[in-house]
Amino acid sequence: MLVGVGCGDPDVTWGVAAEGSPGAGEQAEVAPPAERSLDPADGFATIAAVLQSPRCMNCHPADPQPLQTDRAVPHAMNISRLSDESGLECGACHQDQNAEQVGVRGGPPGAPHWGLPPASTPMVFQGHSPESLCRQLRDAGRNGGKSLEDLLDHVAHDPLVLWGWAPGGDRSLPPISHAAFVAAVGEWVRAGGACPGDVRASPPPDQP
Ligand code: HEC
Ligand code: HEC
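Residues numbered from 1 in each chain as written. Chains lettered and ligands numbered in written order. Predicted model: local features only at pLDDT ≥ 70, side-chain atom pairs only at ≥ 80, totals over all residues.

**Topic: the site of ligand 1**
Inspection of the region around ligand 1 gives 23 residues, with Asn-58, Pro-66, Cys-90, Cys-93 and Pro-108 positioned closest. Looking at the shell around ligand 1 residue by residue, the class counts come to twelve nonpolar, eight polar and three charged. (Near = placed C-beta within 6 Å. Nonpolar A, V, L, I, M, F, W, Y, C, P; charged D, E, K, R; others polar.)

In structure tokens:
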């Protein structure tokens, strides 16, 4: 059994003891964050929040197994890159459109070329800090040979990205609109793909 998260988690203690106890107000005294990143890089936090939202992250998992729901549950029926390679293609169940569009309630969601990123460049979004996600994204060796402009084109037009905002069923949407997301990626591309933690003096990385 792989699923262990939920409201019944016995390790979660609710904040009943905090009131009036010494130190209850301490968290308000947090120092302001250190100024270490380039300004345009701050925009990457917005981009990362989309990439790591369930509709995107479920197909960009850390393991070779896609995820389901908003709780990152491993795909039912032992579906993985391996099941795909051994003949049970994603497209056997996932059509070019959501099941609801052909009248099947609760069936598989769908969009053209449904599948996981290739094993050679798995494009993992799950588990990264915004900084490491940013560095991976701009790295042509890890993003499928894409330039920054190619990435912008991908997020603006790829059918799987567009599906994220029309996912069918009662699936939640990414935190901002598709237009706002494309605008944020456009800003990031114009800033040369700046990442949180980049040293202020260094030029943007070369792109092929
Ligand atoms: C045997 C049928 C079947 C196969 C094969 C299959 N899936 Fe699914 N998949 C489903 C069904 C049914 C659902 C809907 C379940 C649900 O509502 O969460 C689903 C849901 C998903 C979701 C969740 C979408 C979301 O965000 O809610 C992802 C991602 C996914 N599949 C990816 C894949 C990938 C990638 C492959 C191939 C490696 C694949 N599936 C192969 C039946 C299948
Ligand atoms: C059904 C699975 C699936 C879903 C859902 C999905 N992707 Fe992808 N994504 C892929 C595949 C496969 C590739 C690689 C193939 C390609 O480049 O077209 C990819 C590539 C990418 C890339 C380019 C390369 C890189 O390094 O990441 C970006 C950016 C991306 N996806 C963003 C998103 C965003 C944003 C969403 C959600 C709105 C999303 N994806 C949802 C399967 C998916």
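Let's pick the thread back up.
**Observations concerning helix 8 (residues 178-190)**
Between its first and last C-alpha, helix 8 extends 18 Å over 13 residues, near the 18 Å set by a 1.5 Å rise per residue. Buried within helix 8 are the following residues: Phe-181, Val-185, Trp-188 and Val-189. Viewed along the axis of helix 8, the buried residues span an arc of 100°, placing them on a single side of the element. Turned more than 90 degrees off the buried face of helix 8, the exposed positions are Ala-179 and Arg-190. Of the residues flanking the end of helix 8, it is Gly-192, one or two places downstream, whose phi is positive at about 75°. (Helix = DSSP H or I, 4+ residues; strand = E, 2+ residues; numbered from the N terminus. Expected span 1.5 Å × (residues − 1). Buried ≥ 20, exposed ≤ 12 C-beta atoms within 10 Å, placed from the backbone. Arc of directions from axis to C-beta.)

**Topic: the site of ligand 2**
Neighbouring residues of ligand 2: 24 residues in total, closest Cys-56, Cys-59, Asn-143, Leu-160 and Gly-164. Taken together, the elements giving at least two residues each to the shell around ligand 2 come down to helix 2 (44-51), helix 3 (54-57), helix 6 (148-157) and helix 7 (159-163). The residue makeup of the shell around ligand 2, split by class, is 15 nonpolar, six polar and three charged.

**Re helix 2**
Residues of helix 2 that are buried include every one of Phe-44, Ile-47, Ala-48, Val-50 and Leu-51, and no others. Down the axis of helix 2, the sector holding all buried residues measures 160°, keeping them to one side.

**Focus: the environment of Gly-144**
Along the polypeptide, Gly-144 turns up in the loop between helix 5 (130-138) and helix 6. For Gly-144, a count of 14 C-beta atoms within 10 Å corresponds to the partly exposed category.

**What to know about the nonpolar core**
By size, the foremost hydrophobic cluster in this structure holds 21 residues, and its most contacted members are Ile-47, Leu-51 and Val-185. Mapped onto this core, the elements with two or more residues apiece are helix 2, helix 3, helix 5, helix 6 and helix 8. Ignoring sequence-local partners within four residues, the contact set of Val-185 consists of Ile-47, Leu-151, Leu-152 and Val-155. (Core = buried A, V, L, I, M, F, W, Y, C linked by C-beta atoms within 7 Å. Contact = placed C-beta atoms within 7 Å.)

**Observations regarding unusual backbone geometry**
A positive phi angle is found at Met-77, which is not glycine, with a value near 65°. Mapped onto the elements of the fold, Met-77 is located in the loop between strand 2 (73-74) and helix 4 (81-85). The exposure class assigned to Met-77 is exposed, which follows from the 8 C-beta atoms found within 10 Å. Residues other than glycine seldom take positive phi values, yet Met-123 does so here, at roughly 50°. Within the secondary structure layout, Met-123 lies in the loop between helix 4 and helix 5.

**Description of the packing of helix 6 against helix 8**
Two elements in contact, helix 6 and helix 8, have axes whose closest approach is 10 Å; the angle formed by their N-to-C orientations is 180°. When the axes of helix 6 and helix 8 are compared, the pair comes out roughly antiparallel. On helix 8, the residues that touch Leu-148, Glu-149, Leu-151, Leu-152, Val-155 and Ala-156 of helix 6 are Phe-181, Val-182, Val-185, Gly-186 and Val-189. Across the contact of helix 6 with helix 8, the residue classes break down as nine nonpolar, one polar and one charged. (Axes fitted to C-alpha atoms, helices over the stretch in contact; angles between N-to-C directions. Parallel < 35°, antiparallel > 145°, perpendicular 65-115°, else oblique.)

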